[in-house]
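Geometric and topological summary
What follows is the residue order along each chain.
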Amino acid sequence: MEIVLISLLNGFVYGMLLFMLASGLTLIFSMMGVLNFAHASIYMLGAYAAFDVTRLIGFWAALIVAPVLCGAIGAAIEIYGLRRVHHNGHIAELLFTFGLFFIFERGVQMIWGMLPVPYRVPPLLDFALFRVYGSNFPAYRGFMLLISGGMLLSIWLLLTRTRIGLIIQAALTHPNMVSSLGHNVPRVFTTVFAGGCFLAGLAGVIGGNYQITEPTMASALGPIVFVVVVFGGLGSLMGCFIASIIMGMIQTFSVIIDGSIADLVKGFGVSIPSDNLLGEILNVPGSRVGPLLPYALMILMLLVRPRGLMGNRDT
Amino acid sequence: MLKHLRRLIGAAIVLGSMLAIPVAQAQETIKIALIAPFSGPVAPQGDAFLKMLKYAMDNVNARGGALGKKFELVTFDDKITPSEALIALKSVTDRNIPFMIQCIGSNVAAAMIEGVAKHNARNPDNRVLYLNCAALATELTEEKCDFWHFRFSGNVTMRVATLVRGLPPEVNSIYLMNQDYLYGQGVAADTKKFLAQYRPDIKIVGEEMVPLQRIRDFSAYITKIKASGAQALITSNWGSDFNLLIKSGVESGLSLKYYTFAAHVNGAPTAMGDGGGDRVVAVLEGHDNMGIELKSAKYNAWIDGFRATDPGFDYPWINFQSMFDMLATAITKVGSTDVLKVALALEGMEVTDLSGKPSIMRKDDHQLLHPFYTALFTKPVKNESEKTGWGWKTVNGLSTADLTFPTVCKMKRPI
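Quantities reported herein were computed from a predicted structural model and do not represent experimental measurements. (Residues numbered from 1 in each chain as written. Chains lettered and ligands numbered in written order. Predicted model: local features only at pLDDT ≥ 70, side-chain atom pairs only at ≥ 80, totals over all residues. Heavy atoms only, no water.)

1. Thoughts on the overall build of chain A
How we decide: Strands here are runs of E lasting at least two residues and helices are runs of H or I lasting at least four, both read from the DSSP assignment and numbered beginning at the N terminus. With C-alpha atoms as the basis for the radius of gyration, the globule rule is written as 2.2 Å multiplied by the number of residues raised to the power 0.38. In this scheme, a residue with accessible area under 20% of its type's maximum is buried, one over 50% is exposed, and one in between is partly exposed, where area comes from a 1.4 Å probe on protein chains only. Residues are treated as being in contact if the distance between any of their heavy atoms lies within 4.5 Å.
In terms of helices and strands, chain A carries 14 helices and two strands. Scaling as 2.2 N^0.38, a compact globule of 315 residues should have a C-alpha radius of gyration of about 20 Å, and chain A matches this with 21 Å. Based on the C-alpha atoms only, the size of chain A along its principal axes is roughly 70 × 45 × 40 Å. Out of the 315 residues in chain A, the part that is buried amounts to 54%. Long-range contacts, defined here as pairs at least 24 residues apart, represent 77% of the contacts in chain A between residues at least 6 apart.

So this is what it looks like as structure tokens:
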């Protein structure tokens, strides 16, 4: 029982972190049709920038400076890069961001070195918030929930309650119409791209010391964020949110499952021997296949419902 | 920030000068190819290995190299994939480089053993010798052993034996966590074998095989370990699988001892920080404070020389020095770089390692036999690890003789 409660909390924290990354990506993807491969790199840049700012000024300053910096980088990428390759079609844009991913990874390695940097949780938040059945729940995880929850609320308010949100939502589905009405659609694109990068940077600031700040952090988190976006569906923040939480929970809960599918059916009196290939697969315990589950779910989703959980367009 | 900028400019200059190298080749050298991951997720390891190997090689060069020539490393990127490594091997043999070092990834090493054996059988005039400095799966010198492959690093079995015999008597319940591939599976199997043999009183209360470098949050595992009531965790996880595991464990306030195979490897002390202090034990061949413990001027000078280059990590692999010492001795002895002659000279060779203990290259399986130690991450120590304030202190050790296990290797010899 206690395992379930603790895993629920941890799964939620991880899910919220995924959401911070995926929300920006899904907005960019659904609005501009660009699958931004460099999105996780911005997350990494956010973590490294936060590490440097923390050393120079302090963590609280980093919490503001690093995301703003990432937003600015995002805006620059959109204006000077994406916009120029845009007329060559989506493949060119895709390749452009794919190249950026490698440049960022190599750049980070050259500037900060190949080894992890000691970006640590600020001392003010480095204590146990409460204890659940003898296990500490670190205050920093609570802080992460606070930040990501606050972010969720503010994007939702921004998109549904303000004029700019109205235009963004309109541009998501009818860019030509919005343009005809006299709105500057390219500027809306830049805003959304910069906003997405801001969120990724913010995720980097709070995720960098929750995990480890190292040059591989982008490639480690990148694929799962794509899974979230595809699974959640295009153009739907709600779908993205639900998908993030589902993926966070899957990754946390699959670990604690010791039984396999074979054990499950054994309960019904059917025993599966592990001497053939299929039998062997069915006998692998859940904790060992867990990390593959998100990808399996994504494939299943694409087969059954290509538009994703709550998407309004096909992927 | 300024420091980073300077480093960036430095990197640019280095890059620029690298492009200009082929112009002048000062004198003839003995080339050694280094095939390692220099890009991709394991690039930090490849980069660190290059620095450490180069330092050991420069030491031999400072003593005059061999045959009046200096050694020179030529690097090839294998991205830690067997297919890329085989392509690199092709370039090595195309350039007639007689010696090849490949150390990271036992799966890559298995492919290299086969690749080298095939090449040498087909091209007796252009052979290459495989010097393995850290691919640790025991099979490589057992079932898969080959005449052209020499392993200059203690295998999994030797490491696990050191760890199990170093477990304090009060430990009686243990949790195992290893990565789900050749190396991790080998550690798991050997741990169970040695626990049954040396410490039948210890109960294994749980076991995990985690997918390689896939898990981003280990808190669920920590919860499971906690529920099992284990006193200690034995883990061969390395890279982010180790760093994130320790981080989650420390954050959750779990009072647990970690017995590890990789906590001393570059990057891990930084990731552990204060959380790993007095809690983490590592199995290692040497560490930065061992020279001080042994009062060995030679070892101290060697470590101080490396630390003076400000590499940003420790140098535990003292067997790298033994490898270059042995290679130089063998080449000097036979008077040429003929691969077959050098290989025969390496067989059965004995050198004294930096700690003053014997290191023997066993003829039967080409496995280096040398001592191993367990050390605690503690303070105060003279040489701290990666500016954490903490460093390694020897707890226990097994001698070369203790770690000489029988081999099942049936080697096909060319003569």
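2. What about the packing of aromatic side chains?
Two aromatic rings are characterised by how far apart their centres lie and by the angle between their planes. Residue and element names in this part refer to chain B. Inclusion rule: Two aromatic rings, drawn from Phe, Tyr or Trp (for Trp, its six-membered ring), form a pair once their centres lie within 6.5 Å of each other, and the interplanar angle then sorts them: stacked below 30 degrees, edge-to-face above 60, tilted otherwise. Lysine and arginine charges are scored as sitting over a ring when NZ or CZ, respectively, is within 6 Å of the ring centre and within 35 degrees of the ring normal.
For the structure on display, the rule yields 31 aromatic pairs over all chains. With centroids separated by 6.3 Å and ring planes inclined at 75°, the aromatic side chains of Tyr299 and Trp302 adopt a geometry described as edge-to-face. Remark: Trp302 and Tyr299 occur in helix H11 (residues 297–307); sequence separation between them is three residues, near one turn of the helix. Take Tyr299 and Trp302: they sit in the same class, and that class is buried. Three or more aromatic residues joined by ring pairs make a cluster, and in this case those are Phe49, Tyr55, Tyr299, Trp302, Phe306, Phe313, Tyr315, Trp317 and Phe320. The lysine or arginine in question, Arg165, covers the ring of Tyr198, its NZ or CZ lying 4.8 Å from the ring centre. For the cation-ring pair, Lys193 lies above Phe194, with the distance from its terminal atom to the ring centre recorded as 4.9 Å.

3. What to know about the nonpolar core
Our working definition: Nine residue types can take part in a nonpolar core, namely buried Ala, Val, Leu, Ile, Met, Phe, Trp, Tyr and Cys, and a core is a set of them joined through side-chain atoms within 4.5 Å. Throughout the structure description, domain borders are defined by an automatic or database domain assignment.
Core analysis: the largest hydrophobic core is formed by 241 residues, its most contacted members being Phe49(B), Leu53(B), Phe71(B), Met100(B), Ile101(B), Leu129(B) and Tyr315(B). No other element matches helix H1 (residues 2–32) of chain A, which puts 15 residues into this core. Two domains each provide a minimum of three residues to this core, namely domain 1 (29–154 + 318–369) and domain 2 (157–284 + 371–398) of chain B. In contact with Met100(B), not counting residues within four places along its chain, are Ala33(B), Ile35(B), Leu89(B), Val92(B), Met112(B), Val116(B), Val128(B), Leu129(B), Tyr130(B) and Leu131(B).

4. As for empty space enclosed by the protein
Our working rule: With a 1 Å grid spanning the protein atoms alone, the term cavity applies to any set of points in which a 1.4 Å probe fits but cannot get out, the term pocket to an open set with protein on both sides within 12 Å along at least five of seven lines, and the term lining residue to any residue with an atom within 4 Å of a point. Grid points are joined across faces, edges and corners, and a volume is the space filled by probe spheres set on the points. Under the grouping applied here, Gly and all other residues not named as nonpolar or charged are polar, the nonpolar ones being Ala, Val, Leu, Ile, Met, Phe, Trp, Tyr, Cys and Pro and the charged ones Asp, Glu, Lys and Arg.
Summed over the entire model, instances satisfying the criterion amount to five cavities of 30 Å³ or more. Lining the largest cavity we find 15 residues, and of these Ile6(A), Asn10(A), Asn136(A), Ser219(B) and Ser252(B) sit closest to its centre. Only H1 and strand E2 (135–138) of chain A together with helix H7 (219–228) and helix H8 (240–251) of chain B provide two or more residues apiece to the lining of the largest cavity. Its residues assigned to classes, the lining of the largest cavity shows six nonpolar, seven polar and two charged. When its volume is computed, the second largest cavity comes out at roughly 90 Å³. If you trace the second largest cavity, you find it lined by Tyr14(A), Gln251(A), Thr252(A), Ser254(A), Val255(A), Gly290(A), Pro291(A), Arg214(B), Ile215(B), Arg216(B), Asp217(B) and Ala220(B). Per-element tally for the lining of the second largest cavity: the top contributor is helix H10 (residues 237–256) of chain A, with four residues. Of the residues belonging to the lining of the second largest cavity, the class tally is five nonpolar, four polar and three charged.

5. Digging into the domain arrangement of chain B
All names here are of chain B. Convention followed: Values labelled buried area give the accessible surface lost by two parts on being combined, using a 1.4 Å probe and summing over both. A side-chain nitrogen of Lys or Arg and a carboxyl oxygen of Asp or Glu constitute a salt bridge if their distance falls within 4 Å. What qualifies as a polar contact is a pair of N or O atoms within 3.5 Å, subject to a donor-acceptor requirement within protein and to the restriction that residues adjacent in sequence count only when both atoms come from side chains.
Here the domain parsing of chain B yields domain 1 (29–154 + 318–369) and domain 2 (157–284 + 371–398). The C-alpha-based centres of domain 1 and domain 2 are spaced at 29 Å. Between domain 1 and domain 2, the contact holds 18 residues from the first and 12 residues from the second. Between domain 1 and domain 2, the buried area comes to about 1200 Å², and carbon and sulfur atoms account for 63% of it. It is Gln45, Leu136 and Gly154 that lose the most area in domain 1 upon contact with domain 2, and together they represent 32% of the buried surface on that side. Summed over the shared surface of domain 1 and domain 2, the result is zero salt bridges. Here domain 1 and domain 2 share four residue pairs in polar contact (both at pLDDT 80 or more) between them. Going through the elements one at a time, helix H2 (43–62) and strand E13 (368–369) are the ones with two or more residues in the side of domain 1 that touches domain 2. Per-element accounting of the side of domain 1 that touches domain 2 gives the leading share, three residues, to H2. Looking at the side of domain 1 that touches domain 2 residue by residue, the class counts come to eight nonpolar, seven polar and three charged.

6. Considering the state of the cysteines
By definition, a disulfide is the covalent link that joins the sulfur atoms of two cysteine residues. Put simply, the rule is: The rule for a disulfide is simple: a pair of cysteine sulfur atoms within 2.5 Å.
According to the stated counting rule, one finds two disulfides over all chains in the structure shown. Between Cys103(B) and Cys133(B) runs a disulfide, and the two sulfur atoms are separated by 1.8 Å. Disulfide Cys103(B)-Cys133(B): torsion about the S-S bond near 110°, hence right-handed. Of this pair, Cys103(B) sits in the loop between strand E3 (99–102) and helix H4 (106–122) while Cys133(B) sits in the loop between strand E4 (129–132) and strand E5 (149–151), and the two are 30 residues apart along the sequence. Accessibility classification places Cys103(B) together with Cys133(B) in one group, the buried group. Disulfide partner of Cys145(B): Cys409(B), at an S-S distance of 2.0 Å. Because the sign of the S-S torsion sets the handedness, a value of about 80° for the bond joining Cys145(B) and Cys409(B) places this disulfide among the right-handed ones. With Cys145(B) in the loop between E4 and E5 and Cys409(B) in the segment after strand E15 (391–398), the pair connects residues that are 264 residues apart, well separated along the chain. For Cys409(B), a relative accessible area of 12% gives the class buried. Once the bonded cysteines of chain B are numbered in order along the sequence, the disulfide links fall as 1-2, 3-4. In this structure Cys197(A) is a free cysteine whose sulfur lies 7.5 Å from that of Cys70(A), the closest cysteine sulfur available.

7. A word on the pattern of salt bridges
A full pass over the atoms with the stated rule returns 20 salt bridges over all chains. Residue Asp201(B) is joined to Arg199(B) by a salt bridge in which the shortest nitrogen-to-oxygen separation is 3.1 Å. Asp314(B) is the salt-bridge partner of Arg307(B), the closest N and O atoms lying 3.9 Å from each other. On the accessibility criterion, Arg307(B) (26% relative accessible area) is partly exposed. By relative accessible area, which is 6% here, Asp314(B) ends up buried. Sharing partners across several salt bridges, the network here consists of Arg141(A), Asp217(B) and Glu251(B).

8. Digging into unusual backbone geometry
The general pattern is negative phi for most residues beyond glycine and trans for most peptide bonds. Residues and elements named next belong to chain B. Here the bond from Lys379 into Pro380 is cis, since omega is 5°, no more than 30 degrees from zero. Positive phi, normally seen in glycine, also occurs at Lys387, with a value near 55°. Secondary-structure assignment places Lys387 in the loop between strand E14 (372–378) and E15. When its relative accessible area of 66% is taken as the criterion, Lys387 is described as exposed.

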